[in-house]
Amino acid sequence: MSDKPGVPAARSLHQPPSHQSLAFLVLYALAWAGGSIAYVPFLTILLPVRVAALAPGEQAIMWLSAIAFCGAISASIGHILFGWLSDVTGMRRPWAALGLALSCVLLVVVPAARSLPEITGIVVLWQLGLNMMLAPLAAWGADCVPDGQKGLLGGLLAFAPGLGALAGALVTMPGLASADGRLLIVAVAVAAAVLPALLLGNRSGTDPVPQAAPSSGAPPRFRKRAALRMWAARLLVQVAEAALFSFLYLWLRSIDPAVDDHLTARVFSTVLVISAPAALLAGRWADRRRHPFLPLVVCTLVAPIGLVGMALAQSVTTGVLSYGVFGFSTSIFLALHSAQTLRTLPDGNRRGRDLGLFNLTNTMPSLVMPWFTLALVPWFGFSGLFLLFAALALVAALLLAGLSSSAEREI
């Protein structure tokens, strides 16, 4: 809205419609799940197993950290670049389709890598391709979904990580496929998830709302302040999530060396699948009650409980249960946060670029997390790391609690 009374608000060239069909929301959520199906099995299971085979012991942690660092830089640049290109060209789906093709081909090429530097190079290129798909896809959702349905959108997006983890559990089933065949299965599954939305979704995500539709949103300076709080809170939570994403397998093996990759994949998939319905209910509640940020505050208060439990865990069972608490709360948080962030974007004509900047909260943790790990784990073990993450989550809760109920209704 305009800062001055009586002055009409400037209309975005990409103003969302007043209502979006459930069919589109489901297709869009399935396409978003394609991203999770691409990176969850690969980065949590398939890549660590290949790295561990080439660099056993502590060298595996160092190489995984280095690969995560390089991949995060590539993803950061790619998401901003391709989001911006989708803005200036006015096209979302062609960029997403090109990124889909490139990322799937690179997954299949991974077995050709015979050394750790070669694997690192492929992961860097793969991250560029994946974000060529994800950046326009994220902006397309912002173009198409009105604020009143963003809670529902967030709830549907919560199924994406669960489907990704489920894909990881399926492809690592003993006897299903060889190590190389697992990557091919992942590539085919990604294409099957993303293509329906690209082919059958709304032909235009930029249809303006009718002139009589009310203009939603707070003054730009207010939205920017809210966006900064949302950005910082997600960054703090993502630091912990990124560490567990990369090192859950190695942490469980530090408790019990008998832990295998299939158990780790089952843990991921179970937690994420269970959290998805809860996120859907929380998102619908947020829409109806017009409290988009309150579920986020609750999640950031629950996550430290799981992290403290992990720090104190002496058995695999206790560790898995504690991770369940952490994973359940952060899965809901990340899904709802992704959708509610869309209401704080200040410029409707540069959503791709702005979401690329928000994506730094997903990639920057991979830049700082290895240093936390290398600095703390040798001295304090994983327990010290988890306690630090618990403190960061509490800071995120304070940031989000600062968005009062009255502020929620303005955004």
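Here, the structure is the one placed above.
Reading guide: rules and limits
Counting from 1, residues in each chain are numbered in the order their sequence is written. Local features in this predicted model are restricted to residues whose pLDDT is 70 or higher, and side-chain atom pairs enter the listing and the counts only when it is 80 or higher, whereas totals over whole chains, interfaces and linings include all residues. With hydrogens and water stripped out, all remaining heavy atoms of the structure feed into the side-chain values. Each helix is a run of H or I in the DSSP string that is no shorter than four residues. Each strand is a run of E no shorter than two, and both are numbered from the N terminus. Exposed residues in this analysis have more than 50% of their type's maximum accessible area, buried residues have under 20%, and partly exposed residues fall in between, with area computed by a 1.4 Å probe over protein chains only. Whether two residues touch is decided by their heavy atoms; if any such pair falls within 4.5 Å, the residues are in contact. Here, Shrake-Rupley sampling with a 1.4 Å probe gives the accessible areas, and only protein chains in the shown set may cover a residue. Think of each axis as a best-fit line through the C-alpha atoms, taken over the contacting stretch in the case of a helix, with angles from 0 to 180 degrees between the N-to-C directions. Orientation is classified from the angle alone, with under 35 degrees giving roughly parallel, over 145 giving roughly antiparallel, 65 to 115 giving roughly perpendicular, and any other angle giving oblique. Note: crossing handedness is left-handed where the near helix turns anticlockwise from the far helix by less than a right angle, and right-handed where it turns clockwise. Each residue gets one label: Ala, Val, Leu, Ile, Met, Phe, Trp, Tyr, Cys and Pro are nonpolar, Asp, Glu, Lys and Arg are charged, and the others, such as Gly, are polar. Grid points spaced at 1 Å over the protein atoms alone were grouped into cavities, where a 1.4 Å probe fits but cannot get out, and pockets, open sets with protein on both sides within 12 Å along at least five of seven lines, with lining residues defined by an atom within 4 Å of a point. Grid points are joined across faces, edges and corners, and a volume is the space filled by probe spheres set on the points. The salt bridge definition used is simple: a Lys or Arg side-chain nitrogen within 4 Å of an Asp or Glu carboxyl oxygen. We call two N or O atoms a polar contact when they sit within 3.5 Å, provided that within protein one can donate a hydrogen and the other can accept it, with sequence-adjacent residues counted only if both atoms are side-chain atoms. Side-chain atoms within 4.5 Å link the members of a nonpolar core, which is a set of buried Ala, Val, Leu, Ile, Met, Phe, Trp, Tyr and Cys residues. Put simply, a patch holds well-exposed residues, over 30% relative accessible area, that have no salt bridge, with like charges counted together within 9 Å and Val, Leu, Ile, Met, Phe, Trp or Tyr side chains within 5 Å.

This brings us to the overall build of the protein chain. When helices and strands are tallied, the protein chain shows 14 helices and zero strands. Mapped in sequence order, the helices and strands of the protein chain form the string α-α-α-α-α-α-α-α-α-α-α-α-α-α. Put simply, the protein chain has 411 residues, and 57% of those count as buried. Here the analysis covers contacts within the protein chain between residues at least 6 apart in sequence; of these, 85% occur between residues at least 24 apart. On the protein chain, roughly 16900 Å² of surface is accessible, and the fraction owed to carbon and sulfur atoms is 69%.

As a packed pair, helix 9 (residues 261-289) and helix 11 (residues 316-340) sit with axes 8 Å apart at the nearest point and diverge in direction by 40°. When the interaxial angle is binned, helix 9 and helix 11 end up oblique. The element helix 9 and its partner helix 11 pack so that their crossing is right-handed. Counting all contacts with helix 9, which are made through Leu 263, Val 267, Phe 268, Val 271, Leu 272, Ile 274, Ser 275, Ala 278, Ala 279, Ala 282, Gly 283 and Ala 286, the residues of helix 11 involved are Val 316, Val 320, Tyr 323, Gly 324, Gly 327, Phe 328, Ser 331, Ile 332, Leu 336 and Gln 340. Within the contact of helix 9 with helix 11, the residues separate by chemical class into 16 nonpolar, six polar and no charged.

Summed over the entire model, instances satisfying the criterion amount to two cavities of 30 Å³ or more. In this structure, the second largest cavity spans a volume of roughly 30 Å³. Contributing to the lining of the second largest cavity are Ala 243, Leu 244, Phe 247, Leu 248, Trp 251, Phe 382, Leu 385 and Phe 386. Every element with two or more residues in the lining of the second largest cavity is listed here: helix 8 (220-255) and helix 13 (360-401). It is helix 8 that provides the largest number of residues to the lining of the second largest cavity, a total of five residues. Tallied by class, the residues present in the lining of the second largest cavity amount to eight nonpolar, no polar and no charged.

Before going further, it helps to spend a moment on the environment of Met 133. For Met 133, the position within the fold is in helix 4 (residues 116-144). Classification of Met 133 as buried rests on a relative accessible area of 0%. Separated by 55 residues in sequence, Met 133 and Gly 78 have C-alpha atoms that sit 9.6 Å apart. Beyond its immediate chain neighbours, meaning those up to four positions away, Met 133 contacts Gly 35, Trp 95, Ala 96, Gly 99, Leu 100 and Val 194.

A word on the pattern of salt bridges. Summed over all chains, the structure comprises seven salt bridges. The closest approach of N and O atoms between Lys 150 and Asp 147, which form a salt bridge, is 2.7 Å. Assigned by exposure class, Lys 150 and Asp 147 land together as buried. A salt bridge links Asp 354 to Arg 353; the shortest N-O distance between them is 2.9 Å. For Arg 353, a relative accessible area of 30% gives the class partly exposed.

Next up on the list: the side chain of Ser 329. With respect to the secondary-structure elements, Ser 329 resides in helix 11. For Ser 329, the side chain forms a polar contact with the main-chain nitrogen of Ala 303, separated by 3.5 Å. Apart from the residues lying within four places of it in its own chain, the contact partners of Ser 329 are Cys 299, Val 302 and Ala 303.

Let's shift gears to the packing of helix 2 (residues 58-89) against helix 4. Between helix 2 and helix 4, the shortest axis-to-axis distance is 7 Å and the interhelical angle comes to 30°. The angle between the axes of helix 2 and helix 4 places the two elements in the roughly parallel class. Here helix 2 and helix 4 pass one another in a crossing that is right-handed. Here the contact of helix 2 with helix 4 is composed, by residue class, of 15 nonpolar, nine polar and no charged.

This part is about unusual backbone geometry. Its identity as a non-glycine residue notwithstanding, Arg 290 has a phi of 60°, on the positive side. Residue position: Arg 290 is located in the loop between helix 9 and helix 10 (294-312). Residue Arg 290 is classed as partly exposed on the basis of its relative accessible area, which comes to 47%.

Burial of nonpolar side chains together is a common tendency in soluble globular proteins. Judged by nonpolar contacts, the single largest core of 117 residues is most densely connected at Phe 42, Tyr 323 and Phe 389. When residues in this core are grouped by element, the largest group, 18 residues, is from helix 8. Counting five residues, the second-largest nonpolar core is a separate cluster that includes Phe 82, Leu 85, Met 132 and Ala 135.

This paragraph deals with a nonpolar patch on the surface. A surface patch of nonpolar side chains, about 690 Å² in accessible area, is lined by Leu 30, Phe 159, Leu 163, Leu 166, Leu 170, Met 173, Leu 176, Ile 185 and Val 273. The greatest single-element share of the nonpolar patch, amounting to four residues, is contributed by helix 6 (residues 159-171). As for its placement among the helices and strands, Ile 185 is situated in helix 7 (residues 179-200). The partly exposed category is assigned to Ile 185, whose relative accessible area is 34%.

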